[in-house]
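Overview (structure and organization)
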Amino acid sequence: MTSSAKPEPDQQRQRGAPGGELVERIAPLGLVLAVLSVGLLTLYPFLPAILWGIVLGIAVAPLHNRLLGRLGHRRALAALLTGVGLVLCFVVPALGIATALASFLPSALNWVERVALAGLGNLPEPILNLPVVGESVAELWRSLGSDLSSLATRFGDEIKAILVWFAYESEILGIFVFEFAIGVILATLLVYNFDRVSELSHKFFDRLGGTFARRMAALSVVTTRQTVIGVLGAALVQTLFATFSYMVAGVPGWIIWAGVVFILSLIQIGPALIFIPMSLWLWGQDQPGMAVFIFLWGVVGVALVDYVVRPLLVSKGTHVPAILAFLGAMGGLIEWGLVGVFLGPVVVAVCYEMILKWIEPDTLPH
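Computed from a predicted model, the values in this text were never measured in an experiment.

1. What to know about the packing of aromatic side chains
One pass over the structure, following the stated rule, counts 12 aromatic pairs. With centroids separated by 6.2 Å and ring planes inclined at 55°, the aromatic side chains of Phe 90 and Phe 180 adopt a geometry described as tilted. Of this pair, Phe 90 sits in helix 4 (residues 75-118) while Phe 180 sits in helix 8 (residues 173-192); the two residues are 90 residues apart in sequence, bridging distant segments of the chain. Of the two residues examined, Phe 90 and Phe 180, each falls in the buried class. Judged by centre distance (5.2 Å) and plane angle (45°), the rings of Phe 244 and Trp 297 are tilted. On the criterion of sequence distance, the pair formed by Phe 244 in helix 9 (residues 194-249) and Trp 297 in helix 12 (residues 288-316) is long-range, its members being 53 residues apart. What makes Phe 244 partly exposed here is its relative accessible area of 42%. Linked through ring pairs, Trp 52, Phe 90, Phe 180, Phe 262 and Phe 342 together constitute an aromatic cluster.

2. Some remarks on the side chain of Thr 188
Position of Thr 188 among the secondary structure elements: in helix 8. Given a relative accessible area of 17%, Thr 188 falls into the buried group. A polar side-chain atom of Thr 188 sits 2.8 Å from the main-chain carbonyl oxygen of Val 184.

3. Section: the pattern of salt bridges
Here the structure, examined in full by the defined rule, presents three salt bridges. The salt bridge partner of Arg 196 is Glu 199, with a shortest N-O separation of 3.6 Å. Here Glu 199 and Arg 196 lie together in helix 9, a separation of three residues that amounts to about one turn. Using a relative accessible area of 47% as the deciding quantity, one classes Arg 196 as partly exposed. On the accessibility criterion, Glu 199 (36% relative accessible area) is partly exposed. Of the charged contacts, one joins Arg 214 and Asp 206 as a salt bridge, the two residues approaching to 2.4 Å between their closest N and O atoms. We classify Arg 214 as partly exposed; its relative accessible area is 32%.

Cut-offs used in this document
- Residues numbered from 1 in each chain as written.
- Predicted model: local features only at pLDDT ≥ 70, side-chain atom pairs only at ≥ 80, totals over all residues.
- Heavy atoms only, no water.
- Phe/Tyr/Trp six-rings, centres within 6.5 Å; stacked < 30°, edge-to-face > 60°.
- Helix = DSSP H or I, 4+ residues; strand = E, 2+ residues; numbered from the N terminus.
- Buried < 20%, exposed > 50% of the residue type's maximum accessible area, 1.4 Å probe, protein only.
- Polar contact = N/O pair within 3.5 Å; in protein donor to acceptor, adjacent residues only side chain to side chain.
- Salt bridge = Lys/Arg side-chain N within 4 Å of Asp/Glu carboxyl O.

This is the structure:
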């Protein structure tokens, strides 16, 4: 009888090798995923600020590089000047909007209660006395007042609930300013370390998906810059032109109206829905000079921006459908707060372009 020979230790290790190799491959990957998950959970509250900082860094990188060349490649000075410019362009207006909204919302609650009880009231005499259109405006005012009074009476509780929600949001408007400030700081650090960040990002996307991933990353960078120029840039220029007239006329809460104009410009409606009623209101307040100024500035100055500056900027930017830009702004507002109004259209534009290029990969940038 022959006894069965026991397998040698080397043979045992070889037989168990496939399972062992699988464990050895999965374990490091699981550890990396676990660490990344913990890191993402930790940074999740700051995700809007981080994304906004990345968008700003990508958008201003070409300007920073030109500035760096003119300053003799003094990186610290160029980054400092870039950061100061971003603070003036974004953090200071964000602080102004937060302050204005915090003081405006209580007045809005009182206005809803007044409309529910007494309607819009009588139209000011200067508007009633307007030639040709005075009576038509008066009839429209009475009809509008009746409709608003009915709506305020029927849906007053719902409207108040929405305004109370906005009032609650106004209590944390400091987060909006904080997110803008964090975004500016991050963008400044990114452009300061531009070469190193570019090198690491190329290596990361190369490990992630090779050539295709690098090309998609390049597309994301190009789309981000084009969206900031073509969508946000055009809306910002138009808003600045319109806001100038509101400041000169001394319109109450002008910075809030500037935010409304920005939203209207994003969906390519323009500020006509604001400056026409505003000019009528100023006329009713016995300020005919300012009323005419607001109207003419809107018709001539803002329209000039709409028909000249906007096409120039949009021609350099990405062609994102207006409805997607609007939905991006509104979705960003709901999901990420006020910073999402600026961030949402950029995110939607990048997703839109990536889907199109994924369908036609031959058009991807090299």
